[in-house]
Amino acid sequence: MQEFNDIPVLQTATVIANDRLCREHLRIILRLDSFATASPGQFVHISPAQGDHRGYHRLDDTEGGASDAWRADCFDPLLRRAFSIAGLRRRSDSVEIDLIYREVGTATNWMASLGHGDTASVLGPLGNLFPISNRKRAAWMVAGGVGLPPMLWLAAALADHDRKTVAFCGAQTRDLLALTMDRDQSPSPDASLATCCAAEFARVNTPVVLSTDDGSLGFHGHIGQALSCYHESNPTPADDLVVYTCGPERMMRFVSDFCGERGIECKVCMERAMACGTGTCQSCVVPIHDDDDRDGWRYRLCCTDGPVFDSRDIVWEPSSCVAGKG
Ligand SMILES: Cc1cc2nc3c(=O)[nH]c(=O)nc-3n(C[C@H](O)[C@H](O)[C@H](O)COP(=O)(O)OP(=O)(O)OC[C@H]3O[C@@H](n4cnc5c(N)ncnc54)[C@H](O)[C@@H]3O)c2cc1C
Ligand code: FES
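Residues numbered from 1 in each chain as written. Chains lettered and ligands numbered in written order. Predicted model: local features only at pLDDT ≥ 70, side-chain atom pairs only at ≥ 80, totals over all residues. Heavy atoms only, no water.

Draft legend 1. Spotlight on the packing of aromatic side chains. If you walk through the whole model with that rule in mind, you get six aromatic pairs. Taken together, a centroid distance of 6.4 Å and an interplanar angle of 75 degrees make the contact between Phe83 and Tyr101 edge-to-face. You can see Phe83 sitting in strand S6 (residues 81–84) and its partner Tyr101 sitting in strand S8 (residues 95–102), a full 18 residues away along the chain. Taking the relative accessible area as the measure of exposure, Phe83 reaches 11% and is therefore buried. Between Phe130 and Tyr244 the ring centres are 5.4 Å apart and the planes differ by 80 degrees, which places this aromatic pair in the edge-to-face class. Taken as a pair, Phe130 in the loop between strand S9 (119–126) and strand S10 (138–144) and Tyr244 in strand S14 (residues 241–246) lie far apart in primary sequence, 114 residues in all. (Phe/Tyr/Trp six-rings, centres within 6.5 Å; stacked < 30°, edge-to-face > 60°. Helix = DSSP H or I, 4+ residues; strand = E, 2+ residues; numbered from the N terminus. Buried < 20%, exposed > 50% of the residue type's maximum accessible area, 1.4 Å probe, protein only.)

Structure below.
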């Protein structure tokens, strides 16, 4: 079901700051004149602003152009890219949004090149949101790698709702963890202990369990193992707990199975390549169980039906069913 809070708007944003957080992650703060009502889980679709020639390819000799010519039909990145909103602040005359991104290709390299006063084209807010249950007092967030950004904003919203929160944050190694460590509170290598070791979560009273695959910080192992360990030592009734997760699909599947086996509600923020972000191009499908469908499942769109889905609805092994769908 589509859950737009308001109509998304296309506008030009101004860069306020663009700082490196760790080896591959940066946080960009964008200022907009206005921004529709938005909630954690939602995302924006961004590209170079019109007229920003850094978004265009310079023709080189092999392309038959003069060295200072720009190929106006070769917009690079051609398509917008999706980024979860990691924070949002409403000012008297403007709105600031935070995006945290990992430099992986054309668009994120372009984003990393932006400085104070540069511009970017922003479409948003897009997608649905993480529902906050009135019935459940405990809320655990499980983030792997670049799944962290939506959890930062969600943690603030959960704190406003007075929920008992814990954030589980995993990375391959400490250099890839986009969090600021508190000098006085070390992350515990024992995953049964959550500490206020990360400034971003400490600000909203959320203790954190950290894990790294190589053991360079916090618990040695993947974040799903840390979640299991914490749950074992801190049993919380399933009917009082909701788990939110975002990150690599394998990790989310682990979390989904973990919750499914224990009857814990789990909301998953899915990622797909998104050409339009608005439900037109059909490029961002997610297979979803559907008892009314002849095959027992059907596609839904990550950009408009998601990106947040209930974990029980997702068909986690699409290879077993994608081939049959036209
Ligand atoms: C709803 C939604 C929210 C998102 N939120 C964020 C966010 O908050 N922060 C963020 O950094 N990204 C986020 N993404 C992912 C982001 O949109 C992609 O990483 C984007 O394609 C990057 O564009 P690019 O041009 O730099 O790289 P591309 O040219 O698109 O990709 C370059 C190469 O990197 C690989 N690649 C793409 N994405 C990733 C990845 N995430 N990790 C590792 N390799 C990758 C590709 O397979 C390709 O080989 C989100 C995606 C969705 C759908
Ligand atoms: S990105 Fe075009 S339909 Fe989802």
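Draft legend 2. Region of the structure containing the side chain of Ser256. Among the structural elements, Ser256 can be located in helix H5 (residues 249–262). Filtering out sequence-adjacent residues up to four positions away, Ser256 remains in contact with Cys266, Ser311 and Trp316. (Contact = heavy atoms within 4.5 Å.)

Draft legend 3. Representation of the packing of helix H4 (residues 223–233) against H5. One way to put it is that H4 packs onto H5 with a least axis distance of 9 Å and a crossing angle of 25 degrees. Considering their axes alone, H4 and H5 lie roughly parallel with respect to each other. In terms of crossing hand, the pair formed by H4 and H5 is right-handed. On H5, the residues touching Ile223, Gly224, Gln225, Leu227, Ser228 and His231 of H4 are Met251, Phe254, Val255, Phe258 and Arg262. Grouping the amino acids of the contact of H4 with H5 by side-chain chemistry returns six nonpolar, four polar and one charged. (Axes fitted to C-alpha atoms, helices over the stretch in contact; angles between N-to-C directions. Parallel < 35°, antiparallel > 145°, perpendicular 65-115°, else oblique. Left-handed = near helix turned anticlockwise from the far one by under 90°. Nonpolar A, V, L, I, M, F, W, Y, C, P; charged D, E, K, R; others polar.)

Draft legend 4. Just H5, in detail. Across its 14 residues, H5 extends 20 Å between first and last C-alpha, which sits within 8% of the 20 Å expected from 1.5 Å per residue. Within the sequence span of H5, burial applies to Met251, Met252, Val255, Ser256, Phe258 and Cys259. One side of H5 holds all its buried residues, which, seen down the axis, span an arc of 160 degrees. Exposed and oriented more than 90 degrees from the buried face of H5 are Arg250, Gly260 and Glu261. Where H5 is buried, its residues touch S10, H4, S14 and strand S15 (265–269). (Expected span 1.5 Å × (residues − 1). Arc of directions from axis to C-beta.)

Draft legend 5. Structural context of the sheet that holds strand S3 (residues 43–48). Spatial ordering of the open sheet is given by S6-S3-S9-S1-S2-S8-S7, a layout of seven strands whose pairing is antiparallel. Looking at strand neighbours, the two that pair on one side only are S6 and strand S7 (87–90), the edges of this open sheet. Shown here is a sheet whose adjacent strand axes are inclined to one another by a mean of 35 degrees, direction ignored. Pairing of strand S1 (residues 9–20) with strand S2 (residues 25–32), which is carried by six bridges, proceeds in the antiparallel orientation. (Pairing = 2+ DSSP bridges.)

Draft legend 6. Inspection of the sheet that holds S15 at higher detail. The strand order S13-S12-S11-S10-S14-S15-S18 describes an open sheet built from seven strands, whose pairing is mixed. The open sheet terminates on both sides in strands that have one partner only, identified here as strand S13 (219–220) and strand S18 (308–310). Pairing of S15 with S18 involves three bridges; the strand directions are antiparallel. Looking across to S18, one finds that Cys269 is bridged to Val308. Sheet strands touched by helix H2 (residues 148–160): S10, strand S11 (164–171) and S14. Its angle to S10, the strand with the most contacts, is close to 165 degrees. Packed on one face of the sheet, H5 meets S10, S14 and S15 and runs near 165 degrees to S14.

Draft legend 7. Looking closely at the state of the cysteines. For the coordinates displayed, the defined rule picks out zero disulfides. Between Cys246, a cysteine without a disulfide, and Cys269, which holds the nearest cysteine sulfur, the sulfur-to-sulfur distance is 4.1 Å. With relative accessibility at 7%, the residue Cys246 sits in the buried group. Cys259 takes part in no disulfide bond, and the closest cysteine sulfur, belonging to Cys266, lies 4.1 Å away. (Disulfide = S-S within 2.5 Å.)

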